[in-house]
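# Summary of structural features
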Amino acid sequence: MIIDIIEIEAIHSFSRLESLKEFYGIIGLLVPIFILVLGITLGVLVIVWLEREISAGIQQRIGPEYAGPLGILQALADGTKLLFKENILPSRGDTRLFSIGPSIAVISILLSYSIIPFSYRFILADLSIGVFLWIAISSLAPVGLLMSGYGSNNKYSFLGGLRAAAQSISYEIPLTLCVLSISLLSNSLSTVDIVETQSKYGFWGWNLWRQPIGFIIFLISSLAECERLPFDLPEAEEELVAGYQTEYSGIKFGLFYVASYLNLLISSLFVTVLYLGGWNLSIPNLFGPELFDINQRGKVFGTIIGIFITLAKTYLFLFISIATRWTLPRLRMDQLLNLGWKFLLPISLGNLLLTTSFQLLSL
């Protein structure tokens, strides 16, 4: 009888230990996701503030200055205002599609952040098909916009959704061909492998110098995928009121702006990873081997330095995107489609064939 009691206590203690292991495993899985989402949220707030400040400087205005120091809390104030506004549903629209559309647009973009290497060994999921997973997931965002336009029962919204789908298809193909060229140069689809391949020669090892044509095409295609000026045809206010978001209000209206800035940030991060060397300091070993390898030691300081370098390169590209929005006029729809199908697609295909030929000759 005593032996049975001891066995039962041992079984109970073992089950408690297993449940604790499962609990800690769930916590260990959720904490990195929470940190990533928090960092993304802060990054979006900074982008909104930067866009308002840069646009104010280009147009010789003051910009936000009252909400917090230098107006840094203006985006937070706008988000709080939208959160408490009334959500209005169109009476004759499809309420399910109308409600699901903004969520699909945001979630599909958020999932893409899981394969971004912010620093050495600082990535949520290092997958062997990383860059193609990003292309596959990001292709779902226009589906959400099309659902939103169709569910609104509004001709302007529906035209905006159709434009978003047509624009995404037109520029997704050249962007994919550019990514495929980078994958051929790196012999891998993993984002970590692509960055490490560029680290051999520092600044001169960037794919920017080996793929200058692909870089320009990727730059244009990513701006079109983000629906930024001069490619914001799906929500052209002079033609379509507000496009697919005409009937939206409150937090659902805010989700479209969050999705736009999330898409802009992920595109900038992929430009950094694919063409600008990622987290590397980009200083050749000849000039300072200790400084060059500081972010590959796996230490906390090296990880922080790597994150800082990645974000510095990313926000440099963001500055170019924001300045482009407030500099160039909007294209017509036929000009946008002609640029994608008649120019970018043949050039990107030729770039891929040249890259393949050089890789075969170098074997």
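Everything below is about the structure printed above this text.
Reading the values: the criteria
- Residues numbered from 1 in each chain as written.
- Predicted model: local features only at pLDDT ≥ 70, side-chain atom pairs only at ≥ 80, totals over all residues.
- Heavy atoms only, no water.
- Helix = DSSP H or I, 4+ residues; strand = E, 2+ residues; numbered from the N terminus.
- Buried < 20%, exposed > 50% of the residue type's maximum accessible area, 1.4 Å probe, protein only.
- Areas by Shrake-Rupley, 256 points an atom, 1.4 Å probe, with all protein chains shown as cover.
- Phe/Tyr/Trp six-rings, centres within 6.5 Å; stacked < 30°, edge-to-face > 60°.
- Salt bridge = Lys/Arg side-chain N within 4 Å of Asp/Glu carboxyl O.
- Polar contact = N/O pair within 3.5 Å; in protein donor to acceptor, adjacent residues only side chain to side chain.
- Contact = heavy atoms within 4.5 Å.

### Thoughts on the overall build of the chain
Tallying secondary structure elements over the chain gives 14 helices and zero strands in all. For the chain, the α and β elements follow one another from N to C terminus as α-α-α-α-α-α-α-α-α-α-α-α-α-α. In the chain, buried positions account for 45% of the 363 residues. Total accessible area on the chain stands at roughly 19,000 Å², and carbon and sulfur atoms take up 71% of it.

### Remarks on the packing of aromatic side chains
Taken as a whole and assessed by the stated rule, the structure comprises 15 aromatic pairs. Centre to centre, the rings of Trp134 and Phe270 are 3.9 Å apart; their planes meet at 15 degrees, and the pair counts as stacked. Of the two residues, Trp134 sits in helix 4 (residues 130–138) while Phe270 sits in helix 11 (residues 250–275), which places them 136 residues apart along the sequence.

### As for the pattern of salt bridges
Taken as a whole and judged by the stated rule, the model has five salt bridges. Close ionic contact of Glu51 with Arg228 constitutes a salt bridge, the shortest N to O distance being 2.8 Å. Of this pair, Glu51 sits in helix 1 (residues 2–58) while Arg228 sits in the loop between helix 9 (212–225) and helix 10 (237–240); the two residues are 177 residues apart in sequence, bridging distant segments of the chain. Take Glu51 and Arg228: they sit in the same class, and that class is buried. The residue Asp78 makes a salt bridge to Arg52 at a minimum N-O spacing of 2.6 Å. Residue Asp78 is located in helix 2 (residues 74–83), and its partner Arg52 is located in helix 1; the two are separated by 26 residues in the primary sequence. Each of the salt bridges in this network shares a partner with another, and the network as a whole consists of Glu51, Arg228 and Arg325.

### Topic: the side chain of Gln198
Topologically, Gln198 is positioned in helix 7 (residues 191–198). A distance of 3.2 Å separates a polar side-chain atom of Gln198 from the backbone oxygen of Ile194. Polar contacts involving the side chain of Gln198 include one to the main-chain carbonyl oxygen of Leu274, which spans 3.5 Å. In this structure Gln198 touches Gly205, Trp206, Asn207, Val273, Leu274, Tyr275, Leu276 and Gly277, once residues within four positions along its chain are discounted.

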